[in-house]
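Here's the letter readout for the chains.
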Amino acid sequence: MNTRYLSASTLRTLPPKLALAQAIAMLIATGAHAQSVQELDLTTVEAESIERDAVVEVITADDINAEMVDNFEDLVRFIPHVSVSRGDDRWGASGFNIRGLDEDRVAINVDGVPQGETLKYEGGQAYGYFKGSRNGVDIEALKAVEIVKGADAILSGNGSLAGAVNMTTKDPADFLTDQGNDSGFAVKTGYTGLNDEMMASFSAANRTGKLESLLVYTRREGHEFENYDMDDLDVDGAGRETPDPQDNQLDSALVKFIYDLTPNSEIGLVGSYYERNANTDNRSFNGGWYSDRVGDDFNETKRVGIFYNLDMQTAFFDSVVTALNDQNVLMEANTHQEVNIQIPGFPNFNTNERRISTRAYEQDLLQLTVDFNKAVADHSLVYGLEVQDKAFKNTQIRQSDNLLDDSDEWVTSNIGALVPASEADVYTLYGLDTFYLGDNTQMRLGLRYDDYTYDAEADENFSDDTATLGEVSFDAVTWTVGVEQGLSNTLSLEAGVSTGFRAPTIEDMYSISGTFDDWNTVPNADLEAEYSTNFDIALVGEYAAGDVRIGAFRSNYDDFIDYQTVNGTNTNTGLPDPDGYLVPFNSNDVEMQGLEFSANIDLNAAIGAAQGLTMSFSAAYTDGEEANGDPVYSVQPLNAVWRTGYTSPTGKWGASLVTTYNEGKANDDSYDTDATGTRIYPLYLSNTATLFDLMVYVDLLENLRLTAGAFNLTDKEYYTWDSVRFIDQGDLRPGIGVTGNGIRRYSEPGRSFEVNLNLTF
């Protein structure tokens, strides 16, 4: 079951895992967390359920405000072994990394609606023309984010091999009193020094009679993210040490209407819109074959949904939630540049022209979900069904003006899609039961069945030269078993086995070189779905002075989809291909294991320190190994977070100091072995860094709060593994890659500052 979006009356229930985790998170929260009008009024099913403290992190709207979260990288910056790759400035963040796996191997749901698939085009990443993003919601529209570590197919769906990120948008009741006619408003504005971003957000909610309504609108305008020193070498080409200049703006709107049909039922309408425009002067690509490159890119996510909630005790259910959502995701990349290719001996490749290349990827989703809750004695049953109808379309259009003649005539050509136009039908059934065995033992049993059918067809954008298009089906049975054993009044043992799966994406099966001069990626329509089995065990202590968790996990991945290089002739050019083909295939088993530790302590209760003084610590270590013994490339190095916070007795001001330790990536943890048995090591590694961040808040008036932060206080120069692991040196395509000290443009920012002002009334 995906986490559904539900309103906040006593009718509105979230899956027990999310609701209980949110309640626990609010009870034990430490540091300078602001009180907010956006209180979570969430109810659970009657029977208690497994809390799963050791594998679930919940971030609330209060946390988002207190920790000055402006984007998804900020959202997880203090959660060990959960990260977001910002990537380069042109494309922005590319998804979440949980326990060493990222992109489509982490499920992302917004109000229970899965977000779009990535399309990054493995064979052409060096060219920097297109890289799809999965994030289509703004932080200010969210009231809670649940991060699940480990396989979670039962509750989070397809893609949750390594974990899931389940987001819940705000409801009218988050701004209103419990009952009666009422209105609530909030205004928030802020400045972020990392990218000179100005942000303004406005929220308005109303209850008139039986109708509740909400509007949340956010506007952001900013520039490229800074690196360590913006005064580095400001030149064109692969040796550029400064990030490419960019202007970007983001508009986000969330609208909800909820009407109480009866005291036990309600109907609601939700609409959301997310639009990001970015104009990037790609100076790092200028030189050699390319010059005057500019990226003009557009990301848009639209969703309209209707939902119906009924609270009625029957033989089959106590409550039912039905939702119908229609979502459209569009990513469009426009690249303007001059191309001047002169290769002696290959006159057919010689060209000198102006080009405007437009690459677009559109994904449509129509989703129906029906979720039931039923309490029977000590059993809490959650079960339901889901139907999805998906459509995918990619186009690549090139306009060119030959500079070798004086015609000044632009020619438009279709250069072929990266993937074919495709449809997918998905059917899902699931059930989850949590129950007690005696007074101190709680169990969880779950089962899920998914059926996927893809249908891809040739058209004017994609020809079936490889004879691989057609109908392909996958089905998967996933399950979960868990136990929470009370050892004493304060100590419990959590253990569980959970499974996940990921059906191959359209890109996995059908991606092929999209332009005549690109090296080839050969499709493989015979791929199998990926599966994971995750074993978790943790010791959890809950005490008057705080809590502590010590856990270990092991994950096994079957039919892991990877890419291998095959030498041969480029079918686009008929020439020997020094880079070889990239071909997706199902590799043998991949194994991951790791340790996680966290503690939250009220220092006043623990050692008699000043009231309001708190401390928390968390750390995570993960190790991954492929079947041939190679390390899993995407695994993050050891990291740890130590936070000391203080809240004044009146609650009108507070501060927190956060120390983050990131261990550098080692060569022995980041190599691939080629067909000859030679180890291929990365060109660049992340470095060990200890960072200090300071955040403070003060209530200027009763409803006016100022929050300020200083990040990387010691001005440390450092690089994250997610930012440098994909970087190549310059190759035979002049102007592409990194040369000299060009890697410095991928360094993280030095000391930076941020300030927010939040008014509620």
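Now for a description of the structure that goes with this document. (Residues numbered from 1 in each chain as written. Predicted model: local features only at pLDDT ≥ 70, side-chain atom pairs only at ≥ 80, totals over all residues. Heavy atoms only, no water.)

**A short note on the nonpolar core**
Move 1: Among the nonpolar cores identified, the biggest contains 39 residues, and Phe-72, Leu-75, Phe-96, Ile-147 and Met-167 are the most heavily contacted of them.
Move 2: If you list the elements that add at least two residues to this core, you get helix H3 (72-75), strand E2 (82-84), strand E3 (96-98), strand E4 (106-110), strand E6 (142-149), strand E7 (163-169), strand E10 (211-223) and strand E26 (590-602).
Move 3: Look past the residues within four positions of Leu-75 in its chain and what remains in contact with it is Ile-59, Ile-64, Val-69, Ile-139 and Val-145.
Move 4: In terms of nonpolar packing, the next biggest core, distinct from the first, is built from 32 residues, Phe-392, Val-472, Ala-525 and Ile-561 among them. (Core = buried A, V, L, I, M, F, W, Y, C linked by side-chain atoms within 4.5 Å. Buried < 20%, exposed > 50% of the residue type's maximum accessible area, 1.4 Å probe, protein only. Helix = DSSP H or I, 4+ residues; strand = E, 2+ residues; numbered from the N terminus. Contact = heavy atoms within 4.5 Å.)

**Some points on empty space enclosed by the protein**
Move 1: This model, assessed by the stated rule, comprises 15 cavities of 30 Å³ or more.
Move 2: Lining the largest cavity we find 38 residues, and of these Glu-73, Arg-77, Asn-662, Tyr-718 and Thr-720 sit closest to its centre.
Move 3: Looking at the lining of the largest cavity, the elements that each hand over two or more residues are H3, E2, strand E29 (653-662), strand E32 (689-701) and helix H7 (721-724).
Move 4: Residues of the lining of the largest cavity, tallied by class, amount to 15 nonpolar, 15 polar and eight charged.
Move 5: Its volume calculated, the second largest cavity comes out at about 530 Å³. (1 Å grid on protein atoms, 1.4 Å probe; cavity = no way out; pocket = protein on both sides within 12 Å on 5 of 7 lines; lining within 4 Å. Points joined across faces, edges and corners; volume = space filled by probe spheres on them. Nonpolar A, V, L, I, M, F, W, Y, C, P; charged D, E, K, R; others polar.)

**Some points on a negative patch on the surface**
Move 1: A cluster of acidic residues, Asp-389, Glu-423, Asp-425, Asp-455, Glu-457 and Glu-471, forms a negative patch on the protein surface.
Move 2: If you list the elements that add at least two residues to the negative patch, you get strand E18 (421-436) and strand E19 (441-457).
Move 3: Considering the arrangement of structural elements, one finds Asp-389 in strand E16 (residues 379-402). (Patch = residues over 30% accessible without salt bridge, like charges linked within 9 Å, V, L, I, M, F, W, Y side chains within 5 Å. Areas by Shrake-Rupley, 256 points an atom, 1.4 Å probe, with all protein chains shown as cover. Salt bridge = Lys/Arg side-chain N within 4 Å of Asp/Glu carboxyl O. Lys, Arg positive; Asp, Glu negative; His and termini not counted. Charge placed at Lys NZ, Arg CZ, Asp CG, Glu CD.)

**Re the pairing of strand E8 (residues 182-192)**
Taken residue by residue, a regular strand's side chains alternate between the two faces of the sheet.
Move 1: As paired strands, E8 and strand E9 (residues 197-208) are joined by eleven bridges and run antiparallel to one another. Across the sheet, residue Ser-183 finds its bridge partner in E9, namely Asn-206.
Move 2: Linking E8 back to E9 in an antiparallel pair, the connection comprises four residues, with Asp-196 at a positive phi of about 50°.
Move 3: Strand direction decides the pairing type here: E8 and strand E34 (residues 752-760), joined by seven bridges, are antiparallel. If you follow Thr-189 over to E34, its bridge partner there is Leu-757. (Pairing = 2+ DSSP bridges.)

**Digging into the sheet that holds E6**
By way of backbone hydrogen bonds, the strands of a sheet pair with one another, either parallel or antiparallel.
Move 1: Spatial ordering of the open sheet is given by E1-E6-E7-E4-E5, a layout of five strands whose pairing is mixed. Edge positions in the sheet fall to strand E1 (56-60) and strand E5 (113-114), since each has one partner strand and no second.

**Points about a nonpolar patch on the surface**
Move 1: Together, Leu-211, Phe-257, Tyr-259, Leu-261, Ile-267, Leu-269, Val-304, Ile-306, Leu-324, Leu-366 and Leu-368 make up a nonpolar patch on the protein surface, roughly 870 Å² of accessible area in all.
Move 2: At three residues, the largest contribution of residues to the nonpolar patch is made by strand E11 (residues 246-262).
Move 3: Note that Ile-306 resides in strand E13 (residues 290-311).

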